[in-house]
Amino acid sequence: MACRYFQVISLLLLILTSCQDNSKAPQVTINSTVENGDLILRREGGFISSLFSSVASDDKTFSHIGILTVDEKGEVGVIHCEMKESKEPTSLRLESLPLFLATVDTLGIFRLQMPDTVRKKVAEHAITLLNKGATFDFDFNNETDSALYCTEFVAKTINRAVDRTLVQPTKFFAGKIGYSLDDITKYCDRVH
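Heads up: these notes are all about the structure in this document. (Residues numbered from 1 in each chain as written. Predicted model: local features only at pLDDT ≥ 70, side-chain atom pairs only at ≥ 80, totals over all residues. Heavy atoms only, no water.)

1. Looking at helix α5 (residues 150-162)
A rise of 1.5 Å per residue sets the reference length of α5, with its 13 residues, at 18 Å; its end C-alpha atoms lie 19 Å apart and thus fit the reference within 8%. Counting buried residues in α5 gives 12 out of 13 residues, a clear majority hidden from the surface. Those residues of α5 that sit buried are Cys 150, Thr 151, Glu 152, Phe 153, Val 154, Ala 155, Lys 156, Thr 157, Ile 158, Asn 159, Ala 161 and Val 162. Directly after α5, the chain includes Asp 163, whose backbone phi takes a positive value near 60 degrees. (Helix = DSSP H or I, 4+ residues; strand = E, 2+ residues; numbered from the N terminus. Expected span 1.5 Å × (residues − 1). Buried < 20%, exposed > 50% of the residue type's maximum accessible area, 1.4 Å probe, protein only.)

Right, here's the structure in full:
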């Protein structure tokens, strides 16, 4: 089955790179097998991405995070919530891996240092929140689930999967305490 995931990702990346002009875009390849509940981090070249990378973590490599899901057919998707520079709706959504990677400059895949059963619960809880239709949390309010920012979504999903408050917000921004990428990735190993 692991070979199947690798084949699907390779095929998706081949389609992604053959359907657009990549003369300026970096080539992105994933040389590892992804699993349900893995976390995918990226950084793009736009203003919003640069802004968030400056406050989202200490090393400033990434600006955005999502949760990978692998369906019964082996198709990989990314559930994430982001603020767009355009007038696109800003809500929690499921995107194909090629769409999520379309404008990426930097990519990382992280695996929670937890049993497979917990990582599968992370994916299940992500789908549950997706189905509730949360919007982007422009207020960065950690008290509700009706509006979420990317790291809040992932942190709360992990906390539900482990049935306790493991990931806690430690980063101050916009006058509030919030979840940073570091708050999450300290419980992970980088697999790509």
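2. Side note on the pattern of salt bridges
The tally for this structure, following the rule as stated, stands at 12 salt bridges. A salt bridge links Glu 35 to Arg 119; the nearest nitrogen and oxygen atoms lie 2.9 Å apart. Taken together, the positions of Glu 35 in the loop between α1 (2-18) and β1 (39-44) and Arg 119 in helix α4 (residues 116-132) put the pair 84 residues apart, joining distant regions of the chain. The shortest N-O distance in the salt bridge between Arg 160 and Asp 145 comes to 2.2 Å. Of the two residues, Arg 160 is situated in helix α5 and Asp 145 in the loop between β6 (135-136) and β7 (147-148); the sequence distance between them amounts to 15 residues. Each member of the salt-bridge network shares a partner with another, and the members are Glu 35, Asp 38, Arg 111, Asp 116 and Arg 119. (Salt bridge = Lys/Arg side-chain N within 4 Å of Asp/Glu carboxyl O.)

3. Things to note about the packing of aromatic side chains
Evaluated as defined, the whole model comprises 4 aromatic pairs. Ring geometry for Phe 140 versus Tyr 149: centroids 4.9 Å apart, planes at 50 degrees, classification tilted. Every member of this aromatic cluster is reached through a ring pair, and the members are Phe 136, Phe 138, Phe 140 and Tyr 149. Seen from the ring of Phe 100, Arg 42 lies directly overhead, with NZ or CZ sitting 4.0 Å from the centre. (Phe/Tyr/Trp six-rings, centres within 6.5 Å; stacked < 30°, edge-to-face > 60°. Lys NZ or Arg CZ within 6 Å of the ring centre and 35° of its normal.)

4. A few points about the nonpolar core
Most often, soluble globular proteins keep nonpolar side chains buried together rather than apart. If you look at the biggest cluster of nonpolar residues, it comprises 37 residues, and the most contacted ones within it are Leu 39, Ile 65, Leu 92, Phe 153, Val 154, Ile 158 and Ile 184. Within the residue set of this core, elements represented by two or more residues are β1, α2 (47-56), β2 (64-70), β3 (76-81), β5 (104-112), α4, α5 and α6 (181-185). When residues in this core are grouped by element, the largest group, 7 residues, is from α5. With 12 residues, the next largest nonpolar core counts Phe 100, Val 104, Leu 107 and Ile 109 among its residues. (Core = buried A, V, L, I, M, F, W, Y, C linked by side-chain atoms within 4.5 Å.)

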